[in-house]
Amino acid sequence: MPDTTRPPMPSDEPTAPRRTTEPLWRDALGQCLRSLRLERGEILIETARRAGVSPQYLSEMERGVKEPSSEMIAAVAGALDVTLGELTLEVATSLRAAPIGTAPAGPTCQVAYALAA
């Protein structure tokens, strides 16, 4: 008699525990930049002008939309009177303090995580 068992289906396999995601560095950077700017009581246009970037670009940096170059980050840090090292330490500290699973979960991020995996 032929074997009548069906092949295993993906739903039959035990599911691996879902890996929790960490916040993206660009999101933490943006939050730090916005906090520093607001602590100084500045509007976006003032900081952007001093940094030599457009207000739109700075806004995108603060929202974590852009992956800015190190030169752009240094320019904005300088406009906020902090060194690149101080800013980097602030971003790293905020990432260490962030609870796991606080990464953005929009469609773009989900695709990016899927591509990275």
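From a predicted model like this one, the values you see are computed outputs, not experimental measurements. Numbering of residues starts from 1 in each chain and follows the order in which that chain's sequence is written. Local features in this predicted model are restricted to residues of pLDDT 70 or higher, and side-chain atom pairs are both shown and tallied only at a pLDDT of 80 or more, whereas totals for entire chains, interfaces and linings draw on every residue. As a convention, hydrogens and water are excluded, and side-chain values are obtained from all of the structure's heavy atoms.

*Asks:* Please provide a residue-by-residue account of the environment of V91, values included.
*Replies:* As for its position among the elements, V91 is in helix α5 (residues 84-97). Burial classes: relative accessible area under 20% of the type maximum marks a residue as buried, over 50% as exposed, and values in between as partly exposed (1.4 Å probe, protein chains only). By relative accessible area, which is 0% here, V91 ends up buried. C-alpha separation for the pair V91 and D27, spaced 64 residues apart in sequence, amounts to 9.3 Å. Throughout, a residue-residue contact means that at least one pair of heavy atoms, one from each residue, lies within 4.5 Å. Sequence-distant contacts of V91, that is, excluding residues within four places in its chain, are made with W25, A28, L29 and C32. Numbering of helices and strands runs from the N terminus; a helix is a DSSP stretch of H or I covering at least four residues, while a strand is a stretch of E covering at least two.

*Asks:* Quick one: what's the story with helix α4 (residues 70-79), residue by residue and with numbers?
*Replies:* Residue pairs three or four apart in sequence face the same way in an α-helix, which turns once every 3.6 residues. Taken together, the buried positions of α4 are occupied by I73, V76, A77 and A79. When α4 is viewed along its axis, its buried side chains cluster within an angular range of 160° and face the same direction. Residues of α4 that are buried in the fold lie against α1 (25-39), α2 (44-51), α3 (55-62) and α5. Of the residues trailing α4, D81 is marked for its positive phi of about 60°. This arc describes the spread of directions from the helix axis toward the C-beta atoms.

*Asks:* Describe the nonpolar core, naming the residues involved and giving the relevant values.
*Replies:* Among the buried residues, those of types Ala, Val, Leu, Ile, Met, Phe, Trp, Tyr and Cys that are joined through side-chain atoms within 4.5 Å form a nonpolar core. Counting 19 residues, the largest nonpolar core has L33, V53, V76 and L87 as its most contacted members. Those elements giving two or more residues to this core turn out to be α1, α2, α3, α4 and α5. For this core, the element with the most residues is α1, which contributes 5 residues. Look past the residues within four positions of L33 in its chain and what remains in contact with it is M61, E62, V76, L80 and L87.

*Asks:* An account of the pattern of salt bridges is needed here, citing residue identities and associated values.
*Replies:* When charged atoms on two side chains of opposite charge get close, those side chains can pair. Think of a salt bridge as a Lys or Arg side-chain nitrogen and an Asp or Glu carboxyl oxygen that are within 4 Å of each other. All told, the structure shown has 7 salt bridges when counted by the stated rule. Measuring nitrogen to oxygen at the nearest pair gives 3.0 Å for the salt bridge that ties R26 to E67. Of this pair, R26 sits in helix α1 while E67 is found in the loop between α3 and α4, placing the two residues 41 residues apart along the sequence. Residue D81 is joined to R40 by a salt bridge in which the shortest nitrogen-to-oxygen separation is 2.7 Å. Taken as a pair, D81 in the loop between α4 and α5 and R40 in the loop between α1 and α2 lie far apart in primary sequence, 41 residues in all. Look at R40 and you get partly exposed, because its relative accessible area is 35%. Three or more residues joined by partner-sharing salt bridges are found here, namely R40, E42, R50 and D81.

*Asks:* Tell me about the environment of A92, residues and numbers included.
*Replies:* Residue position: A92 is located in helix α5. When its relative accessible area of 33% is taken as the criterion, A92 is described as partly exposed. Each C-alpha atom, one on A92 and one on W25, is 8.4 Å from the other, the two residues being 67 residues apart in sequence.

*Asks:* How would you summarise the packing of α2 against α3 if you had to cite specific residues and measurements?
*Replies:* Packed helices, taken two at a time, are described by the angle their axes make and the gap between the axes. Running from amino to carboxyl end, α2 crosses α3 at an angle of 105°, the nearest separation of the two axes being 8 Å. Taken together, the axes of α2 and α3 are roughly perpendicular relative to one another. Contacts from L44, I45, T47 and A48 in α2 reach P55, L58, S59 and E62 in α3. Its residues assigned to classes, the contact of α2 with α3 shows 5 nonpolar, 2 polar and 1 charged. Angular values range over 0 to 180 degrees, each being the angle between N-to-C directions of two axes fitted as lines to C-alpha atoms, with helices fitted over their stretch in contact. Each angle is binned into one of four classes, with values under 35 degrees roughly parallel, values over 145 roughly antiparallel, values of 65 to 115 roughly perpendicular, and all other values oblique. Polar here means any residue other than Ala, Val, Leu, Ile, Met, Phe, Trp, Tyr, Cys and Pro, which are nonpolar, and Asp, Glu, Lys and Arg, which are charged; Gly is therefore polar.

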